[in-house]
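Inside the fold
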Amino acid sequence: MRVLVTGGTGFIGRHLCAELDERGHDVTALARSPDASDLPAGVSVVQGDVTDRASLDFEGQDVVVNLVALSPLFQPTGDTTHESVHLDGTRNVVSEATDAGVERLVQMSALGADPNGPTEYIRAKGKAEAVVRESDLDWTIVRPSVVFGDGGEFVEFTKKLTPPYLAPLPGGGRTRFQPIHVEDVASILADVVEGTSTGNRDASSSDGAVEDERHVGETYEIGGPEVLTMAEVAKLAHRTDGRSVTVVPIPMALAKLGSAAIDPVPFIPFGSDQVRSLEFDNTTRENDLGAFDLSEDDLLTLEAYLNRG
Ligand SMILES: NC(=O)c1ccc[n+]([C@@H]2O[C@H](COP(=O)([O-])OP(=O)(O)OC[C@H]3O[C@@H](n4cnc5c(N)ncnc54)[C@H](OP(=O)(O)O)[C@@H]3O)[C@@H](O)[C@H]2O)c1
């Protein structure tokens, strides 16, 4: 199949493009500044900006995977906002995919996506989901928990937030996550593209049109094999470097006050939205791994990944 991955040069995109290429598909990665150096030789790159409808051309593609991101871990700068990238960008992707006759759209969302949610990122993701559901495309929405792996920012970000030995953390670092390895996410996304399941993969057609409808119209919540608090993630991450960390709780109200004060300061990337996101668990209501004939035992744990060195 011909598959175009918007944001295909990013953290998850690179792994997905490699997975699709290995499965025999004809893959193109789209980004504003596409760099092919981290992609397999068989993957093409194309320049495009999802916030600029005229820059998109999906002609001839069977499937589009929308992986464009603006990281929720940092405050956006300049004119770029979560609405412009995640919502307006998705509108443009849906519109171009529809006009170009693309059959299937896979939309990368996030756990907790909700038009009325607590942060700009979560609200934009929720509104973007609605745009996708209202489209005439054969869509699937995937909502992962935090994703870890080579090139990812979750572990490094946690380490920065929790300096070794004594780490003051809003709410005592009790926010719960369900980290999932990037290769497990890539494999699940490739299954959605093909209409297959990793745990019991059918022979799929890599050259013809999209065949299996099994994932169409589904919204999947995907998490890793373990639920870990932020404090536990911090301890695991520092232990790999031979360091210990003791979390000192900062009351949430105080953290919010402090972050509101630094919100307008452009060179401090952590603001009130980032603190607010620590008030809510990032875990699945029900892990939809079964749709891919997978169980939590099939997935890589964060500890096993960190111990791999
Ligand atoms: N990583 C996680 O833990 C996680 C968890 C849940 C959900 N997600 C979702 O998964 C998706 C992928 O995340 P990621 O971590 O792989 O992100 P990432 O590493 O930041 O990659 C972002 C990609 O999008 C491209 N991009 C950014 N703005 C663009 C624009 N306006 N037009 C076209 N391309 C643009 C970037 O390339 P250029 O800068 O060259 O344009 C890059 O290829 C996102 O939808 C994210 O919200 C991620």
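These figures come from a predicted structure and were not determined experimentally.

The rules behind these values
- Residues numbered from 1 in each chain as written.
- Predicted model: local features only at pLDDT ≥ 70, side-chain atom pairs only at ≥ 80, totals over all residues.
- Heavy atoms only, no water.
- Axes fitted to C-alpha atoms, helices over the stretch in contact; angles between N-to-C directions.
- Helix = DSSP H or I, 4+ residues; strand = E, 2+ residues; numbered from the N terminus.
- Parallel < 35°, antiparallel > 145°, perpendicular 65-115°, else oblique.
- Left-handed = near helix turned anticlockwise from the far one by under 90°.
- Contact = heavy atoms within 4.5 Å.
- Nonpolar A, V, L, I, M, F, W, Y, C, P; charged D, E, K, R; others polar.
- Near = heavy atom within 4 Å.
- Polar contact = N/O pair within 3.5 Å; in protein donor to acceptor, adjacent residues only side chain to side chain.
- Areas by Shrake-Rupley, 256 points an atom, 1.4 Å probe, with all protein chains shown as cover.
- Buried < 20%, exposed > 50% of the residue type's maximum accessible area, 1.4 Å probe, protein only.

To continue, consider the packing of helix H1 (residues 11-22) against helix H5 (residues 182-194). Two numbers describe how H1 lies on H5: the axes approach to 9 Å, and their chain directions differ by 55°. Taken as axis vectors, H1 and H5 run oblique relative to one another. At the point where H1 passes H5, the crossing takes the right-handed sense. When H1 is examined against H5, the residues Phe11, Ile12, His15, Leu16, Glu19 and Leu20 are found in contact with a partner set consisting of Val182, Glu183, Val185, Ala186, Ser187, Leu189, Ala190 and Val193. Looking at the contact of H1 with H5 residue by residue, the class counts come to ten nonpolar, two polar and two charged.

In the vicinity of the ligand, 24 residues are found, and the nearest of them are Thr9, Phe11, Ile12, Arg32 and Lys125. Contact between the ligand and Asp49: a nitrogen atom at 2.8 Å from a side-chain N or O atom of the residue. Tyr121 places a side-chain nitrogen or oxygen 2.9 Å from an oxygen atom of the ligand. Starting from 900 Å² of accessible surface for the ligand in isolation, the protein chains cover 83%. The set of elements that each furnish at least two residues to the shell around the ligand consists of H1, strand S2 (26-31) and helix H3 (120-133).

Before going further, it helps to spend a moment on the side chain of Thr140. By the element assignment, Thr140 lies in strand S6 (residues 138-144). Judged by its relative accessible area of 0%, Thr140 falls in the buried class. Within the structure, the side chain of Thr140 is placed 2.8 Å from the backbone oxygen of His215, a separation counted as a polar contact. If we skip the residues at most four places from it in the chain, Thr140 touches Leu105, Val106, Gln107, Val192, His215, Val216, Gly217, Glu218 and Tyr220.

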